[in-house]
Amino acid sequence: MSNQEKQSRYKIIPITVDDEKNLTIRYDSFDSIYGHIFVAATDKGICYLGIGDEPEMLEELKKRFLNAVLVKQKNQMIKDAVTQVSNPNATTEITFHLKGTEFQLNVWDELLNTKVGETCSYMHIAEKIGRPKAVRAVASAIGQNPVTFLIPCHRIIRSDGTLGGYYWGLDIKKKILKHESTI
């Protein structure tokens, strides 16, 4: 995917302090080939996607957004996210509304350039964001990605070709990479 294609399909909007004061988050869950998926969105974009049962994911969402009003309700953004998880090659346009530091947002934005079925290293991401010596910080930012699958942190591996870690477990990372390599 060219940078131009990425920019036309994906957009990251940072969550501001003012946004957090009056935030309503809609969420829903569904089954996927990777397990139970939980998706949440503000009025501006997808803010969370996790793997697990709804009660535990709802608790995680509450921890991340202490003052938000949470409403179980599908909307078009959530439907688009489900489409993208099911088919990473879908041409769905997705907007993200994310809470993070400028560094984290830059890392997550760069992850959107990794193509389906391909992997790259943490070092590569660090170089692409202009911080070649910040490999560990990049790995940390990747580990804190709040929208797994959609921002493809699973496609990032160690320079020696080993998988490295994955917040949801290496078995899930392997399953996602295997699925993406066949589509």
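As the structure is a prediction and not an experimental result, all values here were calculated from the model. (Residues numbered from 1 in each chain as written. Predicted model: local features only at pLDDT ≥ 70, side-chain atom pairs only at ≥ 80, totals over all residues. Heavy atoms only, no water.)

Asks: Pulling in residues and values, what's your account of the environment of T162?
Replies: With respect to the element layout, T162 can be found in the loop between β8 (156-157) and α8 (170-181). The class for T162 is partly exposed, based on a relative accessible area of 35%. C-alpha separation for the pair T162 and S121, spaced 41 residues apart in sequence, amounts to 9.6 Å. Within polar-contact distance, the side chain of T162 engages the side chain of D160 at 2.6 Å. (Helix = DSSP H or I, 4+ residues; strand = E, 2+ residues; numbered from the N terminus. Buried < 20%, exposed > 50% of the residue type's maximum accessible area, 1.4 Å probe, protein only. Polar contact = N/O pair within 3.5 Å; in protein donor to acceptor, adjacent residues only side chain to side chain.)

Asks: Go over empty space enclosed by the protein, please, and point to the residues and values.
Replies: Per the counting criterion, the structure on display carries 1 cavity of 30 Å³ or more. Each pocket or cavity is described by its volume, and for the largest cavity that value is around 140 Å³. In this structure, the largest cavity is lined by 17 residues; those nearest its centre are Q84, P88, F149, L150 and R155. Of the residues contributing to the lining of the largest cavity, the split by class is 11 nonpolar, 3 polar and 3 charged. (1 Å grid on protein atoms, 1.4 Å probe; cavity = no way out; pocket = protein on both sides within 12 Å on 5 of 7 lines; lining within 4 Å. Points joined across faces, edges and corners; volume = space filled by probe spheres on them. Nonpolar A, V, L, I, M, F, W, Y, C, P; charged D, E, K, R; others polar.)

Asks: Which residues make up the side chain of S29, and what are the values?
Replies: Locating S29 in the fold gives a position in strand β2 (residues 24-32). Looking at S29, its side chain comes within polar contact range of the side chain of H36, at 3.3 Å. A polar contact is formed between the side chain of S29 and the side chain of E54, at a distance of 2.6 Å. Setting aside residues up to four positions removed in sequence, S29 forms contacts with H36, I37, F38 and E54. (Contact = heavy atoms within 4.5 Å.)

Asks: Kindly report on helix α5 (residues 102-111), identifying the contributing residues and their values.
Replies: Of all 10 residues making up α5, 7 are buried, and the element is well covered by its neighbours. Within α5, the full set of buried residues consists of F103, Q104, L105, V107, W108, E110 and L111. On its buried face, α5 sits against β1 (10-14), β6 (94-98), α6 (122-128), α7 (135-143) and β8.

Asks: For the packing of aromatic side chains, give the residues involved together with the corresponding values.
Replies: In the structure shown here, the tally under the stated rule is 5 aromatic pairs. Their ring planes at 75° and their centres at 4.7 Å tell us that Y167 and W168 sit as a pair that is edge-to-face. In textbook terms, an aromatic cluster arises when at least three aromatic residues are bridged by ring pairs, as seen for Y27, F38 and Y48. (Phe/Tyr/Trp six-rings, centres within 6.5 Å; stacked < 30°, edge-to-face > 60°.)

Asks: Before we move on, can you summarise the pairing of strand β4 (residues 46-51) with the specific residues and values?
Replies: With respect to burial, β4 is a largely interior element, 6 of its 6 residues being buried. Of the pairings in the sheet, the one linking strand β3 (residues 35-41) to β4 comprises 5 bridges and is antiparallel in character. Across the sheet, A41 pairs through a bridge with I46, a residue of β4. Linking two consecutive strands that pair antiparallel, namely β3 and β4, is a turn of 4 residues. (Pairing = 2+ DSSP bridges.)

Asks: Lay out unusual backbone geometry in plain terms, naming residues and giving numbers.
Replies: Among all residues save glycine, negative phi is the norm, and among peptide bonds the norm is trans. Within the chain, F149 stands out as a residue other than glycine whose phi angle is a positive 75°. By secondary structure assignment, the location of F149 is in the loop between α7 and β8.

Asks: Describe the side chain of R155, with residues and values.
Replies: Within the secondary structure layout, R155 lies in the loop between α7 and β8. On the basis of relative accessible area, R155 is assigned to the buried category, the value being 5%. Engagement of the side chain of R155 in a polar contact is seen with the side chain of E180, the distance being 2.8 Å. What R155 contacts, discounting residues up to four positions off in sequence, is P88, T114, K115, V116, E118, T119, C120, L177 and E180.

Asks: Give a description of the pattern of salt bridges that names residues and reports values.
Replies: The final tally for this structure, using the stated rule, is 10 salt bridges. Note that R64 is salt-bridged to E60, the shortest N-O span being 2.9 Å. Of this pair, R64 and E60 both sit in helix α3 (residues 54-64), 4 residues apart, which is roughly one turn of the helix. Across the salt bridge formed by R155 and E180, the nearest N and O atoms sit 2.8 Å from each other. Here the residue R155 occupies a position in the loop between α7 and β8, and E180 occupies one in helix α8, the gap between them amounting to 25 residues. The pair R155 / E180 is uniform in exposure class, with both members buried. Among the ionic contacts, a cluster of salt bridges with common partners joins D28, E54, K72 and K74. (Salt bridge = Lys/Arg side-chain N within 4 Å of Asp/Glu carboxyl O.)

That's the geometry; what it means functionally is another story.
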